[in-house]
Amino acid sequence: MHLEELPMIIFTTVGQMSVGAFWMLGIIHLLGYARKMSASTIDRLTNAALYACGPLLILGFGAASFHLSYPLNALNSMRHAGSSWLTNEILFGVAYGTLGLIFSLCQWFGWLSRSARQVLAGLTALAGLGLVCAMVGVYFFPGTITTWSTWFRWVLFFGSALVTGPLAVAITIALSWRAQTRNAANYRYNQENPLAVHWDSSLSEDLGRLREAWQEARFQGVWKWFKGWIASRFITKDGVNDELTALTLSATKLSCRISAFAGIVLLIAYPIHAMQMTSGDVAQRHVADKVLAMPWLYVRWVLLALGVVLISVFMHMLMRKVNRPTQKMLAVVAVAFLLIFGSELLGRGLHYEGLWHVGINTSQNWLDHDAEDIIFHDGNPTDD
């Protein structure tokens, strides 16, 4: 595979997972509202899961910058807004990250009204949609790279967002629920430690205690303050109730179902796409023969299938027998996530095997070890 494309493999896979995770959080909010659950219960479950979105996109952009040899060259790609898919991708990515950060801060600290925060969430989701569409556009070259310019690119990128994002959310909400079962201990910790954050403290008071911790105890004091801040901001002093438990189970089940459905769509789409490629133009046939002979393709399929089986069959069997999240459920989701995420990384690497130009005599055409079967006439490959 093209390991030189590793930065873009990480960026596209992780960026799409971030968008899919944010969409899943929105679906969980709608699920909670549809069941007439309290807003505080929904927020308690989803606030911590926002960590699955923003940092992932930042990680992806950081990796992508190294694809440019000199990261500051990224500034040159901002010159053609509207006419360049690469520029659109960057702009949508920045918009998604910025709006997502503003929404997260408002959600965590209770800034703005709930209606205003919902508008921010909607704009962030739309920016994420634009980002994934722009990613597809970057790799769409009709007439030049025909192996990429097919319907499969849409399925691959949106499928990746919907197969990995919901699983990332399922893990974070399960961890959030487990953390809230330790709520009483966390609350006592805040009451007993003078350097920790109080549940009803303001941001200015928090920062004051941080300065005090830094002056008195340096690292240990700052760490103590940080643990108290996490406990006070993301875990309320209310215990775990039936409503929160029910929403956690429903959200986990729905996340797994969406991920499993997206995985099944990918597993069905791959063979269809492969058959179309084998009967396509000469470039498509060449790439199809090359990719179908690679063992990594079948490893990708097996990993994806195993992940789908775990979250669709075993999770269903587990959740039929429990009335609250368990350690086994978390373990199954975590293993499924690792399998599917690994599969997506392999799939994105295989995606770059389709970088075969039609009508352009590049060094790639001539140096590829399988190119000896293709004869070029006037810059175009033929079967003669």
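Residues numbered from 1 in each chain as written. Predicted model: local features only at pLDDT ≥ 70, side-chain atom pairs only at ≥ 80, totals over all residues. Heavy atoms only, no water.

If you look the protein chain up in an unreviewed UniProt entry, it shows as DMSO reductase anchor subunit (DmsC) from Propionimicrobium lymphophilum ACS-093-V-SCH5.

Further remarks concern the packing of helix α11 (residues 295-319) against helix α12 (residues 327-351). Relative orientation of the contacting elements α11 and α12 amounts to 160°, with a least axis distance of 8 Å. Taken together, the axes of α11 and α12 lie roughly antiparallel to each other. Viewed along their axes, α11 and α12 form a crossing whose handedness is left-handed. Of the residues assigned to the contact of α11 with α12, the class counts are 21 nonpolar, 4 polar and 3 charged. (Axes fitted to C-alpha atoms, helices over the stretch in contact; angles between N-to-C directions. Helix = DSSP H or I, 4+ residues; strand = E, 2+ residues; numbered from the N terminus. Parallel < 35°, antiparallel > 145°, perpendicular 65-115°, else oblique. Left-handed = near helix turned anticlockwise from the far one by under 90°. Nonpolar A, V, L, I, M, F, W, Y, C, P; charged D, E, K, R; others polar.)

What follows concerns the packing of helix α1 (residues 6-34) against helix α9 (residues 242-278). Two measures define how a pair of helices packs: the angle their axes make with one another and the distance between the axes. Running from N to C, α1 and α9 point in directions that differ by 135°, and their axes come no closer than 10 Å. It follows that α1 is oblique to α9 by the angle criterion. In the crossing of α1 with α9, the sense of the turn from one axis to the other is right-handed. Between α1 and α9, the residues in contact are Met24, Ile27, Ile28, Leu31 and Gly32 and Leu247, Ser250, Ala251, Leu254, Ser255 and Ile258, respectively. A per-class count over the contact of α1 with α9 returns 8 nonpolar, 3 polar and no charged. (Contact = heavy atoms within 4.5 Å.)

In this section: the UniProt feature "transmembrane region" (unreviewed entry) in the protein chain. Those places that UniProt annotates as "transmembrane region" (unreviewed entry) correspond, in this numbering, to residues 6-28, 49-70, 90-112, 119-142, 154-177, 258-278, 298-318 and 330-347. Helix makes up 87% of residues 90-112 and strand 0%. Its end C-alpha atoms lie 28 Å apart. (UniProt positions renumbered as here; feature names shortened; annotations may be inferred.)

Turning our eyes to something else, we now look at the environment of Leu247. Mapped onto the secondary structure, Leu247 falls in helix α9. A relative accessible area of 0% means that Leu247 is categorised as buried. For the pair Leu247 and Ile173, spaced 74 residues apart in the sequence, the C-alpha separation amounts to 10.0 Å. Residues contacting Leu247, with those up to four places away along its chain left out, are Leu31, Gly32, Met37, Thr41, Ile42 and Leu45. (Buried < 20%, exposed > 50% of the residue type's maximum accessible area, 1.4 Å probe, protein only.)

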